Amino acid sequence: MVELRTVATTATTPQVLWLGRPGSVYRYVTDRAQAVPVTVVFSDHNFWGGALG
């Protein structure tokens, strides 16, 4: 599963989002129960400030 954590700004609060597939379209959702397992493949990418667990 893919989890995305956002940081707080002056306009928004921090959030945890999950990659889901509601309606057969991949998008980030706030309900972990809608998260789907995915296979992640990396090739020559530089991901700053992130973590893969």
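Everything below is about the structure shown above.
Everything in this summary refers to the structure shown in the same document. (Residues numbered from 1 in each chain as written. Predicted model: local features only at pLDDT ≥ 70, side-chain atom pairs only at ≥ 80, totals over all residues. Heavy atoms only, no water.)

1. Comments concerning the overall build of the chain
Then, in step 1: The helix and strand inventory of the chain stands at zero helices and three strands.
Then, in step 2: Overall, the chain shows an N-to-C arrangement of helices and strands of β-β-β.
Then, in step 3: Among the 53 residues that make up the chain, the fraction classed as buried is 13%.
Then, in step 4: Restricting to contacts in the chain with at least 6 residues of sequence separation, those with at least 24 account for 16%. (Helix = DSSP H or I, 4+ residues; strand = E, 2+ residues; numbered from the N terminus. Buried < 20%, exposed > 50% of the residue type's maximum accessible area, 1.4 Å probe, protein only. Contact = heavy atoms within 4.5 Å.)

2. So, the pattern of salt bridges
Then, in step 1: Taken as a whole and assessed by the stated rule, the structure comprises one salt bridge.
Then, in step 2: With its nearest N and O atoms 2.4 Å apart, the salt bridge here joins Arg5 to Glu3.
Then, in step 3: Judged by its relative accessible area of 59%, Arg5 falls in the exposed class.
Then, in step 4: Look at Glu3 and you get partly exposed, because its relative accessible area is 34%. (Salt bridge = Lys/Arg side-chain N within 4 Å of Asp/Glu carboxyl O.)

3. Digging into the sheet that holds strand β3 (residues 27–29)
Then, in step 1: Overall, antiparallel pairing links the three strands, which are arranged β1-β2-β3 in an open sheet. Edge positions in the sheet fall to β1 (3–5) and β3, since each of these pairs with one other strand and no more. Strand-to-strand twist of the sheet, defined as the mean angle between neighbouring strand axes without regard to direction, takes the value 35 degrees.
Then, in step 2: Sheet analysis places strand β2 (residues 16–20) next to β3, joined by three bridges and oriented antiparallel. Residue pairing across strands places Leu19 opposite Tyr28, the latter belonging to β3. (Pairing = 2+ DSSP bridges. Axes fitted to C-alpha atoms, helices over the stretch in contact; angles between N-to-C directions.)

4. Quick look at the packing of aromatic side chains
Then, in step 1: As enumerated under the stated definition, the model contains zero aromatic pairs in all.
Then, in step 2: In this arrangement the basic side chain of Arg32 is found over the ring face of Trp18, its NZ or CZ atom lying 4.8 Å from the centre. (Phe/Tyr/Trp six-rings, centres within 6.5 Å; stacked < 30°, edge-to-face > 60°. Lys NZ or Arg CZ within 6 Å of the ring centre and 35° of its normal.)

5. What about unusual backbone geometry?
Then, in step 1: Although it is not a glycine, Ser24 adopts a positive phi angle of roughly 65 degrees.
Then, in step 2: In this fold, Ser24 is placed in the loop between β2 and β3.
Then, in step 3: Classification of Ser24 as exposed rests on a relative accessible area of 58%.

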